[in-house]
Amino acid sequence: MTRDLTRARWAVATIFAVHGAASGSFAARIPWIAEHLHLSQGRLGLALIMPAIGSLSSMPFTGRLIARIGGRTATRVLIAAWCAAIGVLALAPNVWAFMGMLLLAGVTAGTSDIAMNAEGVAVEQGLGRSVMSGLHGMWSLGGLIGSGIGAAAAFFGIGAPVNLAVMAMLLAVIAVTAGHWLLPSAPVPTSDEGPRFSLPRGPVLIIGLVGFCAVFAEGATADWCAVYLREILGSSEGQAAIAYSAFAFAMTSGRLVGDAVVRRVGAVTTVRVAGLLGILGGILVVTSWAPAVGIVGFGLIGLGVAVVVPLAFSAAGHTGDHAAHSIAGVATVSYGAGLAAPGLMGGIAHATSLPFSFALVTCLIAVVALSAGRLRAAEIVHVPQPVAA
């Protein structure tokens, strides 16, 4: 049993890393695709909304699919589809085809995200301890690796079609192979599949709203931290880029060590302490007088929100009778913030100022800290269950 659980843990961690690497690979080659298709900033921005639309529209149906074909099979099929979708994006002949392909890519990204998080919850239930934060840390690490390879390919003049196609094939093979060691799961009877459409309600809705606040703070900081340093603090372009690097490094590090902290002090205390760090970071950003202070503040914001989404998914998975349905509901609400954050931040900044916008982000982090008790279900306290043969 222990060996099966250990293998399953590393298998799902690998799949998280593959998912992140696919995302990072595409992100690094967006400039090549935009130039190839002669996209203006407006058209590119419109196109990049399509993955979020695809993800959010498909996530509520994913729980039913997982119940019907089994978690292990669903995860392997959906992660392979996500890799395949990334592999062909650079082949789009025009902007309309690109938008359609991005919409389908969003569907595969969102559904595979739900499936692998449900597998992560199954591993937690078997081990009887928190692992979800580390899994999301692997996603962040995969994203850094994928984007790094993409940047290197661009530096050496390798076109995006070749880069993405090779990465897609390699990542799909790795993910499908790793999926062999996921915990076995059989399709459930039709009468037990749960609702066809998973929208959160009750405790799951509250967990989703906590996730919403964290994802909004994460998305807003990722998209606007460099702009803040450049326009508000008068930094150089290099310093502005460091702001995002500090934020991303803090997020990744916080997630990789998050499980150890949760096991020691519990999910609620972890989120509260992290939230206090995030609030301090927000205050430093809003009151910063030099680029270095702002960079430290953005790093603290990264630490403040790093573990919230993993613990929200974990809490949702341990709430209710259908883990996949609960996770799908929380993901739909939480990831909606990722779609809303960049535009809302820009609108608020235009009407007021960027410092005021980040003051609101700080308030959202405070809401997360105050609502930490809603994530208590992520504290694994049950006895590990035997793994089915």
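Residues numbered from 1 in each chain as written. Predicted model: local features only at pLDDT ≥ 70, side-chain atom pairs only at ≥ 80, totals over all residues. Heavy atoms only, no water.

Caption draft 1: A look at the overall build of the protein. Within the protein, the regular secondary structure consists of 15 helices and zero strands. Within the protein, buried positions represent 52% of all 389 residues. As displayed, the protein has an accessible area near 16,300 Å², and 69% of this comes from carbon and sulfur atoms. (Helix = DSSP H or I, 4+ residues; strand = E, 2+ residues; numbered from the N terminus. Buried < 20%, exposed > 50% of the residue type's maximum accessible area, 1.4 Å probe, protein only. Areas by Shrake-Rupley, 256 points an atom, 1.4 Å probe, with all protein chains shown as cover.)

Caption draft 2: Inspection of the side chain of Arg 255 at higher detail. For Arg 255, the position within the fold is in helix α10 (residues 237-265). When near neighbours in sequence (up to four residues on either side) are disregarded, Arg 255 contacts Ser 133, Gly 134, His 136, Gly 137, Ser 140, Glu 218, Ala 306, Val 309 and Pro 310. (Contact = heavy atoms within 4.5 Å.)

Caption draft 3: Here's a closer look at unusual backbone geometry. A positive phi angle, near 55 degrees, is found at His 38, a position not held by glycine. Tracing the chain through its elements places His 38 in the loop between α2 (30-36) and α3 (41-47).

Caption draft 4: View of the environment of Ala 175. Turning to its location among the elements, Ala 175 is positioned in helix α8 (residues 160-179). For Ala 175, a relative accessible area of 0% gives the class buried. Sequence separation of Ala 175 and Val 12 is 163 residues, and the distance between their C-alpha atoms is 8.8 Å. Apart from residues lying up to four places away in sequence, Ala 175 is in contact with Ile 15, Val 18 and Ile 79.

Caption draft 5: Structural context of the pattern of salt bridges. Taken as a whole and assessed by the stated rule, the structure comprises one salt bridge. Note that Glu 218 is salt-bridged to Arg 255, the shortest N-O span being 3.6 Å. Highlighted residues: Glu 218 in helix α9 (residues 203-231) and Arg 255 in helix α10, separated in sequence by 37 residues. Among the residues examined, Glu 218 registers a relative accessible area of 22% and is labelled partly exposed. Here Arg 255 falls in the buried class, since its relative accessible area comes to 6%. (Salt bridge = Lys/Arg side-chain N within 4 Å of Asp/Glu carboxyl O.)

Caption draft 6: Representation of the nonpolar core in the model. Counting residues in each nonpolar core, the largest one holds 108 residues, and the members touching the most others are Phe 26, Phe 98, Val 271, Phe 298, Phe 358 and Leu 375. The element best represented in this core is helix α6 (residues 95-127), accounting for 13 residues. Here Phe 358 is in contact with Ala 220, Thr 221, Trp 224, Cys 225, Tyr 228, Val 285, Val 286, Phe 298 and Met 345, once residues within four sequence places are set aside. (Core = buried A, V, L, I, M, F, W, Y, C linked by side-chain atoms within 4.5 Å.)

Caption draft 7: Looking closely at the environment of Leu 39. The topology assignment puts Leu 39 in the loop between α2 and α3. Residue contacts for Leu 39: discarding those within four places in its chain leaves Ala 34, Leu 44, Val 95 and Phe 98.

Caption draft 8: Highlighting a nonpolar patch on the surface. On the surface, Phe 155, Phe 156, Ile 158, Val 162, Val 166 and Met 169 cluster together into a nonpolar patch covering about 680 Å² of accessible area. Broken down by element, the nonpolar patch gets its largest block of residues, three residues, from α8. The topology assignment puts Val 166 in helix α8. (Patch = residues over 30% accessible without salt bridge, like charges linked within 9 Å, V, L, I, M, F, W, Y side chains within 5 Å.)

Caption draft 9: Layout of the packing of aromatic side chains. The final tally for this structure, using the stated rule, is five aromatic pairs. Aromatic pair Phe 155 and Phe 156: ring centres 5.2 Å apart, planes at 85 degrees, arrangement edge-to-face. Comparing Phe 155 with Phe 156 shows no difference in burial state: the two are exposed. Ring geometry for Phe 298 against Phe 358: centres 5.4 Å apart, planes inclined by 70 degrees, an arrangement best described as edge-to-face. Here Phe 298, found in helix α12 (residues 291-305), pairs with Phe 358, found in helix α15 (residues 354-370); they are 60 residues apart in sequence, far enough to count as distant. Owing to a relative accessible area of 0%, Phe 298 belongs among the buried residues under this scheme. Through successive ring pairs, a cluster of aromatic residues spans Tyr 228, Phe 298 and Phe 358. (Phe/Tyr/Trp six-rings, centres within 6.5 Å; stacked < 30°, edge-to-face > 60°.)

Caption draft 10: Summary view of the environment of Ile 79. With respect to the helices and strands, Ile 79 occurs in helix α5 (residues 71-88). Residue Ile 79 is classed as buried on the basis of its relative accessible area of 0%. For the pair Ile 79 and Gly 179, spaced 100 residues apart in sequence, the C-alpha separation works out to 9.4 Å. Leaving out residues up to four positions away in the same chain, Ile 79 has contacts with Ile 15, Val 18, His 19, Ser 112 and Ala 175.

Caption draft 11: Summary view of α5. For α5, spanning 18 residues, the distance from its first C-alpha to its last is 26 Å, which sits close to the expected 26 Å at 1.5 Å a residue. Along α5, the residues that are buried comprise Gly 71, Ala 74, Thr 75, Leu 78, Ile 79, Trp 82, Cys 83, Ala 85, Ile 86 and Gly 87. Elements in contact with the buried residues of α5: α1 (2-28), α4 (50-69), α6 and α8. (Expected span 1.5 Å × (residues − 1).)

Caption draft 12: Region of the structure containing the packing of α9 against α12. Where α9 contacts α12, the two axes come as close as 10 Å, and the packing angle between them is 165 degrees. With respect to their mutual orientation, α9 and α12 come out roughly antiparallel. Considering the relative orientation of α9 and α12, their crossing is left-handed. Between α9 and α12, the contacting residues are Ala 214, Ala 217, Glu 218, Thr 221, Cys 225, Tyr 228 and Leu 229 on the first element and Pro 291, Gly 294, Ile 295, Phe 298, Ile 301 and Val 305 on the second. Here the residues of the contact of α9 with α12 sort into ten nonpolar, two polar and one charged. (Axes fitted to C-alpha atoms, helices over the stretch in contact; angles between N-to-C directions. Parallel < 35°, antiparallel > 145°, perpendicular 65-115°, else oblique. Left-handed = near helix turned anticlockwise from the far one by under 90°. Nonpolar A, V, L, I, M, F, W, Y, C, P; charged D, E, K, R; others polar.)

Caption draft 13: Quick look at the side chain of Thr 270. By secondary structure assignment, the location of Thr 270 is in helix α11 (residues 267-287). A relative accessible area of 7% means that Thr 270 is categorised as buried. Residues contacting Thr 270, with those up to four places away along its chain left out, are Val 261, Val 262, Val 265 and Val 307.

The analysis is restricted to geometry; functional conclusions fall outside its scope.
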